[in-house]
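Here is what each chain is made of, one letter per residue.
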Amino acid sequence: MSMTTPLWNLPTDHAVLAEHVALAGTRAVDVGAGAGGLVRFLREQGADPIGVECGAAMMAQALEADPEHHEAYVVGVGQDLPLDDACADLVVFSYSLHHVPHEDIPVALSEAERVLRTGGTLAVLEPIAEGLGHETLKLINDETDVRAAAQAALDNDLPATMIERDEVRYTTSYSYGDLAELEKDMADIDPERQAAFDAVKDEVDELFHANAVEHGGAYWFCQPVIMRLFTKG
């Protein structure tokens with residue numbers, strides 16, 4: 001992708017996943033499903049998806065956006081998946097592995113291995129702690145260490161049956177309509193972030209407008225990402 005590509009034309013995480021993983025016909029699990037965007041995308045690609053989410057606000061958004069498929073969402077966490085053994089062809093952690101408590105990441109990886117069938121795929125998409133968006137948001141919640149911990153766990157703590165088959169590095173983008181949307185998004189993901197946001201709101205406001213690229217009524221940031229793909233042998 002050319003460095004001159006506008007942020008709003010960069011590939012989405014969903015598109016990169018679909019480019020590298022066969023989705024049609026799979027039983028797919030999205031761990032940390034958030035508002036359900038990936039679950040809906042997986043269904044559109046011909047998968048039979050289920051989203052696992054522990055946040056009440058995010059789960060409410062997912063159910064509201066997908067009213068005909070409430071059965072596709074279950075409450076749970078990565079380190080204790082409410083799913084049967086060997087029930088899935090694909091398990092995805094999309095920007096979610098680093099949210100698992102550091103000491104529980106190896107357990108979450110073991111849980112992913114448990115629910116995968118032999119030959120199944122574990123896809124882990126993790127944002128890299130770089131870029132102007134990261135510099136802006138780390139005033140509220142600095143994820144530098146937890147993102148590094150997630151990568152270290154993938155290097156050192158995977159079950160022996162999981163074999164890495166590919167690593168894809170790319171740059172995507174995200175946007176907010178305004179600062180209030182950023183604030184709501186941060187609080188919906190973790191209500192404890194509201195106090196942190198309030199404490200540095202003026203600084204965030206300044207960096208938000210200085211670092212973003214404004215286009216089409218939104219404020220855009222780039223995000224470098226690592227996607228790592230593993231096969232259960």
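Check the entry above for the structure.
Below is a short write-up of the structure. (Residues numbered from 1 in each chain as written. Predicted model: local features only at pLDDT ≥ 70, side-chain atom pairs only at ≥ 80, totals over all residues. Heavy atoms only, no water.)

On to unusual backbone geometry, then. Positive phi, normally seen in glycine, also occurs at Ala86, with a value near 50°. Along the chain, Ala86 turns up in the loop between strand S3 (73-75) and strand S4 (88-94). Even without glycine at this site, Tyr95 takes up a positive phi of about 60°. Judged by its relative accessible area of 24%, Tyr95 is partly exposed. (Helix = DSSP H or I, 4+ residues; strand = E, 2+ residues; numbered from the N terminus. Buried < 20%, exposed > 50% of the residue type's maximum accessible area, 1.4 Å probe, protein only.)

It is worth spelling out the pattern of salt bridges at this point. Counted according to the given criterion, the structure contains 15 salt bridges. The residue Arg117 makes a salt bridge to Asp89 at a minimum N-O spacing of 3.0 Å. You can see Arg117 sitting in strand S5 (residues 116-127) and its partner Asp89 sitting in strand S4, a full 28 residues away along the chain. Judged by its relative accessible area of 33%, Arg117 is partly exposed. Exposure remark for Asp89: the relative accessible area of 26% places this residue in the partly exposed category. Linking Arg147 and Glu143 is a salt bridge whose minimum nitrogen-to-oxygen distance equals 3.0 Å. Each member of the pair, Arg147 together with Glu143, is buried. (Salt bridge = Lys/Arg side-chain N within 4 Å of Asp/Glu carboxyl O.)

This brings us to the packing of helix H3 (residues 56-65) against helix H7 (residues 179-189). Closest axis-to-axis distance for the H3/H7 pair is 7 Å, and the angle between their directions is 110°. By the angle between their directions, the pair H3 and H7 is classed as roughly perpendicular. Of the residues in H7, those in contact with Ala57, Met58 and Gln61 of H3 are Lys184, Asp188 and Ile189. Residues belonging to the contact of H3 with H7 are distributed by class as follows: three nonpolar, one polar and two charged. (Axes fitted to C-alpha atoms, helices over the stretch in contact; angles between N-to-C directions. Parallel < 35°, antiparallel > 145°, perpendicular 65-115°, else oblique. Contact = heavy atoms within 4.5 Å. Nonpolar A, V, L, I, M, F, W, Y, C, P; charged D, E, K, R; others polar.)

Within the fold, His134 resides in helix H5 (residues 132-137). Given the relative accessible area of 6%, His134 is considered buried. One polar contact links His134 to Thr144, side chain to side chain, over a distance of 3.2 Å. When neighbours within four sequence positions are excluded, His134 is seen to be in contact with Ala129, Asp142, Glu143, Thr144, Arg147 and Tyr174. (Polar contact = N/O pair within 3.5 Å; in protein donor to acceptor, adjacent residues only side chain to side chain.)

A separate point is H3. Among all positions of H3, only Met58, Met59 and Ala62 are buried. Axial view of H3: buried residues confined to an arc of 100°, hence all on one face. Facing away from the buried surface of H3 by more than 90 degrees, the exposed residues are Ala56 and Glu64. In the core, the buried residues of H3 are packed alongside helix H2 (37-44), strand S2 (48-53), S3 and H7. (Arc of directions from axis to C-beta.)

Ranked by size, the top nonpolar core spans 26 residues in total, and within it Val29, Leu83, Val91, Phe93, Leu97, Leu109 and Leu122 carry the most contacts. For this core, the elements supplying multiple residues, two or more each, are strand S1 (27-31), S2, S4, helix H4 (105-115), S5 and helix H6 (144-156). In terms of residue count, H4 provides more of this core than any other element does, five residues in total. Filtering out sequence-adjacent residues up to four positions away, Val29 remains in contact with Ile50, Val52, Leu83, Ala88, Leu90, Val91 and Val92. Core analysis: the next-biggest nonpolar cluster, separate from the first, contains 18 residues, Leu17, Leu23, Ala47 and Leu125 among them. (Core = buried A, V, L, I, M, F, W, Y, C linked by side-chain atoms within 4.5 Å.)

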